[in-house]
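# Notes for the structure review
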Amino acid sequence: MRGSFGNSFRLTIFGESHGGAIGMVIDGIPAGTVIDEEEIARHMARRAPGNDPTATARKEPDRVKIVSGLFEGRATGAPLCGLIENTNTRSGDYAQLRARMRPGHADYAGSVKYAGYNDPRGGGHFSGRITAPLVFAGSIARALLAQKGITIGAHIAAIESVQDTPFDAVNVDAATLERMQESRFPLVDPGREEAMRARVAAARAEADSVGGVIECAAVGVPAGVGSPFFGSVESVVSQLLFSIPAIKSVEFGDAGWMARMRGSQTNDAMTYDENGRVACLTNHNGGVTGGITNGMPVVFRVCIKPTPSIGRAQQTVDLTTGENTMLTITGRHDPCIVPRAVVVVESALAIALCELMMDDASTKALK
Ligand SMILES: Cc1cc2nc3c(=O)[nH]c(=O)nc-3n(C[C@H](O)[C@H](O)[C@H](O)COP(=O)(O)O)c2cc1C
């Protein structure tokens, strides 16, 4: 199992959904960095369960106890370790899942991979709960990026077929992204909220689930971050995004449409802006060309699949009897993962940008 990401901003996550605690160790936070625990709590609360009808009823305060690497409110330069207690587990709900594999979930693949020794309670280490440490690390990464004038924000771009207005990829600004962070259901057009919530409620009433799309942007990222091939911005950011359970696609800029367009339509025409800086008139490439940022907002979209644990009967296999069987899942689940995942996606981008900017010997942009 690979529990760590990064070289310069190195994050290790650990824990299981119903174990004693989950948590993280972060190496590479420059000594003296202010660790604003209120700001961390603000982002943790955006992901925490039990606060909205679109989310699981499991209530967890998700308070982080920092046990090392912090002195008088600042990072010491030693590894920063934090623990998040699991306080509200109902492991009995998962008893049947040791044998009966949930379709669409990690149960079968994980059981084969770890020879049945993986913790099945609440999804164990495969649980969406393990994204809480990502949000903690993302909060610290955001603080480092903010020192360089970089702001990150995301919104619910779609739930099922109900769409929000996309970001203006050329002009999206820090104020818009900060406004998104203030809502548990962030939308560019708040008028879409009712229709989206109705889709989640309808799926829940039918013991089913829905998925959707999150659009995320970073503004203030200077040109020159990243490198071609293996250290490309797209590959480093995507590695983290695809680490988030339930994310099934990532597309930068207008990637979803580019295959059907011509070069004359997808090239971003360039200009000197009123301050004499190089800018693009469009942003079809999502702020990245050649794996390197070009100074335009970094913009991408991710697809989140419908929650696999649904309440209606499904066909599956029983590994103890070796027979086909039916499974009706009980327990508490998110009927839609999308709203809680918004801050997780932002956090992945923040961590990736920190890693890219600290790791790049030619720019040392964050050092
Ligand atoms: C914030 C968040 C919450 C999640 N909540 C649930 C849940 O309540 N029930 C569930 O079955 N899956 C949930 N998932 C998704 C599963 O963890 C995921 O689908 C599963 O591990 C299989 O991985 P895959 O979908 O990436 O293939 C959640 C994911 C995230 C990011």
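Here's what I pulled together on the structure shown here.

Definitions and limits used
- Residues numbered from 1 in each chain as written.
- Predicted model: local features only at pLDDT ≥ 70, side-chain atom pairs only at ≥ 80, totals over all residues.
- Heavy atoms only, no water.
- Helix = DSSP H or I, 4+ residues; strand = E, 2+ residues; numbered from the N terminus.
- Rg over C-alpha atoms; globule rule 2.2 N^0.38 Å.
- Buried < 20%, exposed > 50% of the residue type's maximum accessible area, 1.4 Å probe, protein only.
- Contact = heavy atoms within 4.5 Å.
- Lys, Arg positive; Asp, Glu negative; His and termini not counted.
- Charge placed at Lys NZ, Arg CZ, Asp CG, Glu CD.
- Phe/Tyr/Trp six-rings, centres within 6.5 Å; stacked < 30°, edge-to-face > 60°.
- Polar contact = N/O pair within 3.5 Å; in protein donor to acceptor, adjacent residues only side chain to side chain.
- Pairing = 2+ DSSP bridges.
- Axes fitted to C-alpha atoms, helices over the stretch in contact; angles between N-to-C directions.
- Core = buried A, V, L, I, M, F, W, Y, C linked by side-chain atoms within 4.5 Å.
- Near = heavy atom within 4 Å.
- Nonpolar A, V, L, I, M, F, W, Y, C, P; charged D, E, K, R; others polar.
- Salt bridge = Lys/Arg side-chain N within 4 Å of Asp/Glu carboxyl O.

## Comments concerning the overall build of the protein
What the protein contains, in helices and strands, is 9 helices and 18 strands. A globule of 367 residues ought to have a C-alpha radius of gyration of about 21 Å, and the protein, at 21 Å, matches this closely. The principal-axis extents of the C-alpha atoms in the protein amount to approximately 70 × 50 × 35 Å. Scored against the burial criterion, the 367 residues of the protein give a buried share of 50%. Nonlocal contacts in the protein, meaning residues at least 24 apart in sequence, comprise 73% of its contacts between residues at least 6 apart. Placing the 36 positive and 39 negative side-chain charges of the protein at their respective mean positions leaves the two points 5 Å apart.

## Some points on the packing of aromatic side chains
Summed over the entire model, instances satisfying the criterion amount to 2 aromatic pairs. Ring geometry for Phe229 against Phe230: centres 6.4 Å apart, planes inclined by 55 degrees, an arrangement best described as tilted. Here the aromatic rings of Phe252 and Phe300 are separated by 5.5 Å at their centres, their planes lie at 45 degrees, and the arrangement is tilted. Taken together, the residues Phe252 in strand β11 (residues 247–252) and Phe300 in strand β16 (residues 298–304) connect sequence positions 48 residues apart. Under the relative-accessibility criterion, Phe252 is labelled buried at 11%. Here Phe300 falls in the buried class, since its relative accessible area comes to 0%.

## Some words on the environment of Thr176
Inspection of the secondary structure assignment puts Thr176 in helix α4 (residues 174–181). As a C-alpha pair, Thr176 and Ser347 span 171 residues in sequence and 17 Å in three-dimensional space. Engagement of the side chain of Thr176 in a polar contact is seen with the side chain of Asp173, the distance being 2.5 Å.

## Examining the sheet that holds β16
Ordered in space as β9-β8-β10-β16-β11, the 5 strands form an open sheet in which the pairing is antiparallel. The open sheet is flanked by β9 (162–163) and β11, the only strands paired with a single partner. Packed onto the sheet, helix α6 (residues 233–241) meets β11 and β16 and runs at close to 160 degrees relative to β11.

## Regarding the nonpolar core
Ranked by internal contacts, the top residues of the largest apolar core, which has 75 residues, are Phe9 and Phe136. It is helix α9 (residues 338–359) that contributes the most residues to this core, 16 residues altogether. Ignoring any residue separated from it by four or fewer positions in sequence, one finds Phe136 in contact with Met24, Ile26, Ile40, Met44, Val64, Ile66 and Leu80. Counting residues in each nonpolar core, the second largest holds 7 residues, with Val172, Leu177, Met180 and Ala217 among its members.

## A look at the site of the ligand
Close contacts around the ligand come from 17 residues, with Ala246, Lys305, Ser309, His333 and Asp334 the closest. Phe126 has a polar backbone atom sitting 3.1 Å from an oxygen atom of the ligand. Here an oxygen atom of the ligand and a side-chain polar atom of Ser309 are 2.6 Å apart. Across the shell around the ligand, the residue classes break down as 7 nonpolar, 6 polar and 4 charged.

## Quick notes on the pattern of salt bridges
Tallied over the full model, the rule gives 16 salt bridges. Put simply, Glu60 and Arg129 hold a salt bridge, and the shortest N to O gap is 3.8 Å. One end of the pair, Glu60, is in the loop between α1 (37–47) and β4 (64–68); the other, Arg129, is in the loop between α2 (107–113) and α3 (132–146), with 69 residues separating them in the sequence. Measuring nitrogen to oxygen at the nearest pair gives 3.9 Å for the salt bridge that ties Arg277 to Asp273. Taking the relative accessible area as the measure of exposure, Arg277 reaches 52% and is therefore exposed. Accessibility expressed as a relative area gives 22% for Asp273, which makes it partly exposed. Residues joined in a network through salt bridges with shared partners are Arg47, Glu60, Asp62 and Arg129.

## Here's the deal with unusual backbone geometry
You will see that Glu72, though not glycine, has its phi angle at about 50 degrees, which is positive. Position of Glu72 among the secondary structure elements: in the loop between β5 (70–71) and β6 (74–75). For Glu72, a relative accessible area of 69% translates into the label exposed.

## Side note on the pairing of strand β3 (residues 21–27)
Where strand β2 (residues 10–15) and β3 come together, 6 bridges link them in antiparallel fashion. Within the sheet, the bridge partner assigned to Arg10 lies in β3 and is Asp27. The pairing of β3 with strand β7 (residues 80–85) spans 6 bridges and is classified as antiparallel. Bridging from a neighbouring strand, Gly23 pairs with Leu83 of β7.

So yeah, pure geometry; function would need other evidence.
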